[in-house]
Amino acid sequence: HYALYDDPKYFPKQEGRILGGNKNINEVLIEGISIKNLREAFYAVAIYHDENSNKKFDTFLSLPTERYGFSNNAPIFLGPPKFNDASFFVSRNNIIEIEIELRWKKEFW
């Protein structure tokens, strides 16, 4: 699952994403995810690997049980990173390629 945000007050909440969806992990590893026609702005990305295909980010006692990641491989401490740490600027007519490292559940806290 992936989600794109342009507003710090919603990052990384489900209701705040401006674009999102899901892709097969093998497709993502081979092809990546391409997002086109964005306006010039700051954006941040949140992703997770839905290992059990239940279409939600699973936790146990508020700790993640599935792998996850954020743009800029933003640092995490006692919860998700701040938008400013995960954000990147997309300018007009520019192509940006980002790589996100999936973290193991134990790294969340």
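Residues numbered from 1 in each chain as written. Predicted model: local features only at pLDDT ≥ 70, side-chain atom pairs only at ≥ 80, totals over all residues. Heavy atoms only, no water.

Student: Describe unusual backbone geometry, naming the residues involved and giving the relevant values.
Tutor: Of note, the bond from Phe11 into Pro12 is cis; its omega dihedral lies within 30 degrees of zero at -10°. If you trace the backbone, Pro12 turns up in the loop between strand E1 (2-5) and strand E2 (19-21). Despite not being glycine, Asn37 shows a phi value in the positive range, around 60°. (Helix = DSSP H or I, 4+ residues; strand = E, 2+ residues; numbered from the N terminus.)

Student: So what's going on with the pairing of strand E3 (residues 41-48)? Residues and values would help.
Tutor: With 7 of 8 residues buried, E3 is to be regarded as a mostly interior element. Bridge count between E3 and strand E7 (residues 88-90): 3 bridges; the pairing is antiparallel. What sits directly across from Tyr43, in E7, is Phe88. Taken together, the 3 bridges between E3 and strand E6 (residues 68-70) define a ladder with antiparallel strand orientation. In the strand pairing of E6, Tyr48 is matched with Tyr68. (Buried < 20%, exposed > 50% of the residue type's maximum accessible area, 1.4 Å probe, protein only. Pairing = 2+ DSSP bridges.)

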